[in-house]
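One letter stands for each residue in the lines below.
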Amino acid sequence: MSAAAAAASAGAGAAAAARLVRERQKMLQLFREEGAIRRDRAIAYEAQGKLAQNLLRQLVKRDIIRQTNNKFWLDEKALEQRQQHEKRIVRYILLGMFVAIIILAGIVYILVV
């Protein structure tokens, strides 16, 4: 794969990720605006488009959006827990990258000196 093709592929991936983030925020905001943040305030909701349908399926699977009698509601507590979990994962990844850079710098230092 050429550098140009790799850059184009990375750009397309970033654009798809951005669309997913926007769709997720839009969906969560809709539930908040409708007041569907408790079981007794669940709303009828039909996701429009393949991206929204897949996203809804993911959020239901993760119990962030709950389904009750063919109606849906946003579980804010589950969303907060999921966001905290994702932040911890990012911290571990960054820590691992930092350690790898320190190790590589040490190896380069040893080889150069």
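Above this text you will find the structure in question.
On a predicted model such as this, the values are computed, not experimentally measured, just so you know.

1. A word on the environment of R32
Okay, so step 1: Considering the arrangement of structural elements, one finds R32 in helix α1 (residues 3-33).
Okay, so step 2: For R32, a relative accessible area of 31% gives the class partly exposed.
Okay, so step 3: Between the C-alpha atoms of R32 and I101, which are 69 residues apart in sequence, the distance is 42 Å.
Okay, so step 4: If we ignore the near neighbours within four places in the chain, the residues touching R32 are I37, L74, E76 and L79.
Okay, so step 5: In terms of polar contacts, R32 uses its side chain to reach the side chain of E76, at 2.8 Å.

2. A look at the nonpolar core
Okay, so step 1: Grouped together as the largest cluster of nonpolar side chains are 18 residues, with contacts concentrated most on M27, F31, Y45, L56, L59, I65 and L74.
Okay, so step 2: Ranked by the residues each element gives to this core, the list is headed by helix α2 (residues 50-61), at four residues.

3. Side note on the side chain of E23
Okay, so step 1: Of note, E23 is situated in helix α1.
Okay, so step 2: No salt bridge is formed by the buried E23; its nearest oppositely charged neighbour, K26, is found at 4.2 Å.
Okay, so step 3: If near-sequence neighbours (up to four positions away) are discounted, E23 is found in contact with L51, A52 and L55.

4. Concerning the packing of aromatic side chains
Okay, so step 1: Tallied over the full model, the rule gives one aromatic pair.
Okay, so step 2: Note on F31 and Y45: the rings are 5.2 Å apart at their centroids and 55° apart in plane angle, and the pair reads as tilted. Here the residue F31 occupies a position in helix α1, and Y45 occupies one in the loop between α1 and α2, the gap between them amounting to 14 residues. Here F31 and Y45 have matching classes, each one buried.

Criteria and thresholds
Residues numbered from 1 in each chain as written. Predicted model: local features only at pLDDT ≥ 70, side-chain atom pairs only at ≥ 80, totals over all residues. Heavy atoms only, no water. Helix = DSSP H or I, 4+ residues; strand = E, 2+ residues; numbered from the N terminus. Buried < 20%, exposed > 50% of the residue type's maximum accessible area, 1.4 Å probe, protein only. Contact = heavy atoms within 4.5 Å. Polar contact = N/O pair within 3.5 Å; in protein donor to acceptor, adjacent residues only side chain to side chain. Core = buried A, V, L, I, M, F, W, Y, C linked by side-chain atoms within 4.5 Å. Lys, Arg positive; Asp, Glu negative; His and termini not counted. Salt bridge = Lys/Arg side-chain N within 4 Å of Asp/Glu carboxyl O. Phe/Tyr/Trp six-rings, centres within 6.5 Å; stacked < 30°, edge-to-face > 60°.

Spatial relationships are all this shows, so hold off on functional conclusions.
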